[in-house]
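# Coordinates in review
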Number of protein chains: 2
Amino acid sequence: MRKTEICFSPELIHLYDLQEKIVVVVDIFRATSTMAAALANGVTEIKTFENLESCKEMATNGYLIAGERNGKTAPGFQLGNSPVAYLQNKYAGQKLAMTTTNGTLAISKSKGASEVLIGSFPNLSATVNYLQSQKKDVLIHCAGWKGMFNLEDSLYAGALTKCLESTHIASDDGSLAMKALYEKEGHDLKGFLSQASHAKRLQNHNIDSDIDFCLTLDLFSIIGKVENGVLKSQEI
Amino acid sequence: MRKTEICFSPELIHLYDLQEKIVVVVDIFRATSTMAAALANGVTEIKTFENLESCKEMATNGYLIAGERNGKTAPGFQLGNSPVAYLQNKYAGQKLAMTTTNGTLAISKSKGASEVLIGSFPNLSATVNYLQSQKKDVLIHCAGWKGMFNLEDSLYAGALTKCLESTHIASDDGSLAMKALYEKEGHDLKGFLSQASHAKRLQNHNIDSDIDFCLTLDLFSIIGKVENGVLKSQEI
């Protein structure tokens, strides 16, 4: 059997050996859900940035620019971090530069892995199918919230661990815990997550449609994979 | 309502505000279980050390010395990290100096809190009763394993959160997750934890009696509290 592990925070990722593993970066509310939506709706590539200024400069290179801090669109950016903004192929054919509070940092801290994917509920089954077709162990890297454990990323990690169990064993304590938690709470993700700190934060911003989108399973049949520093889609 | 939060690793504790909170340090396998056993069996005080040498020097001051690294008694120490060694008042009236792989570090990193307690299943109800008699919020600080999330500490944190729910609300994502996990798996702690990495590590050392002890509820009616750098018991 191959293995699944979960790292709950970018502040702990230095404790893990990334070599020869496929790292799945997860920031359910909302960065990696937004990336999946953008790629599935025809955005050709996404470059991610840790800081706002380098991201903003990409506008001069013809990129759409998306910037979010603390749940809001950063000043001077065309787009924030809402997945529904990309639906109906609104930006098809364009290139996107993106920076968010947590998700883009987790991607940059995943360097050194054999492959880096982005994970979301809307492309969960596609990601499962791809991972099962590969021969490598999987490390799920939760973006968390400013270094802390967060419920939605962890539950996705539990869902992915559960879906992979026929080929990948839950090999660390984090994956055992989250697989069990998903078995208990996965039938009502929205109900359970409505208690979570970040869902409350988002509700304050009146983006309930984003939350619904981010918790919808299997809308898309693509995976998102980082190649040479650029995130692109691959049809599964 | 007062609040409960969980920090899953000493490597994340800098993200939390400890002021005005009671921090409960947890290292179920086995440091804090051993401390509870020692105090309940008449050990008068415990000084904790991060490194082996400073701990060993306490022998010249008349202290019993206990040292553990990677699950084994460290060379030159009288005692390792087994709770059952202290039963039947074997070391009653003596003072103990102790260093372990994870637990003693978590205690030293909890400085700045209003109070620091040690938590274990054998004194769970006593700790609950004490916390409910106080007016402060609670932060449960899991020692983890070399910085990583671990299942037994996290499940204890879920048990404590569950037992406090009439007075303290689960206020962060960690406490919500672990309360739900304890509700699912708490009826068979040993069965669930037998999958956990550290339990496997301990089974390799043939200390099944330690594991049984560490998972037994409410053997003792004392709490363990750090005061002026020294851990002492208080009858509840």
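Description of the structure in this document. (Residues numbered from 1 in each chain as written. Chains lettered and ligands numbered in written order. Predicted model: local features only at pLDDT ≥ 70, side-chain atom pairs only at ≥ 80, totals over all residues. Heavy atoms only, no water.)

### Examining the interface of chain B and chain A
A common way to state how big an interface is: give the accessible area lost once the parts meet. Taken together, the 28 residues of chain B in the interface contact 28 residues of chain A. Note on chain B versus chain A: buried area summed over both sides is about 2,200 Å², and carbon and sulfur give 68% of it. The partner of Glu-183 of chain B in a salt bridge is Lys-184 of chain A, and the shortest N-O contact between them spans 3.0 Å. Linking chain B with chain A are 8 residue pairs in polar contact (both at pLDDT 80 or more). Looking at which element gives the most residues to the side of chain B that touches chain A, the answer is helix H6 (residues 173-185) of chain B, with 10 residues. (Contact = heavy atoms within 4.5 Å. Buried area = accessible area lost by both parts, 1.4 Å probe. Salt bridge = Lys/Arg side-chain N within 4 Å of Asp/Glu carboxyl O. Polar contact = N/O pair within 3.5 Å; in protein donor to acceptor, adjacent residues only side chain to side chain. Helix = DSSP H or I, 4+ residues; strand = E, 2+ residues; numbered from the N terminus.)

### Quick look at the pattern of salt bridges
A full pass over the atoms with the stated rule returns 24 salt bridges over all chains. Among the ionic pairs, Glu-115 of chain A bridges to Lys-225 of chain A, the shortest N-O distance being 3.6 Å. Here the residue Glu-115 of chain A occupies a position in strand E7 (residues 115-119), and Lys-225 of chain A occupies one in strand E10 (residues 222-227), the gap between them amounting to 110 residues. Several salt bridges converge on common partners, so that one network encompasses Lys-162, Glu-165, Lys-179 and Glu-183 of chain A together with Lys-184 and Glu-185 of chain B.

### Some thoughts on the relation of the copies chain B and chain A
Superposition of the two copies of the chain requires a rotation about an axis and a shift along the axis. Overlaying chain B with chain A gives an RMSD of 0.0 Å, the required rotation being 180° about an axis along which the chain moves by 0.0 Å. Both copies are brought into coincidence by an operation consistent with a two-fold rotation axis. The rotation axis passes nearest to the C-alpha of Leu-181 of chain B in chain B, at a distance of 2.8 Å. Comparing contact sets, 100% of the residues at the interface of chain B also lie at the interface in chain A, consistent with an isologous, same-surface contact. (Least-squares fit on C-alpha atoms with pLDDT ≥ 70 in both.)

### Some thoughts on the layout of surface pockets
Residue and element names in this part refer to chain A. In this structure, the largest pocket spans a volume of roughly 350 Å³. Lining the largest pocket are 21 residues, and of these Ile-107, Lys-111, Val-226, Gly-229 and Val-230 lie nearest its centre. If you list the elements that add at least two residues to the lining of the largest pocket, you get strand E3 (45-48), helix H3 (103-108), E7, E10 and strand E11 (230-235). Here the lining of the largest pocket is composed, by residue class, of 8 nonpolar, 8 polar and 5 charged. (1 Å grid on protein atoms, 1.4 Å probe; cavity = no way out; pocket = protein on both sides within 12 Å on 5 of 7 lines; lining within 4 Å. Points joined across faces, edges and corners; volume = space filled by probe spheres on them. Nonpolar A, V, L, I, M, F, W, Y, C, P; charged D, E, K, R; others polar.)

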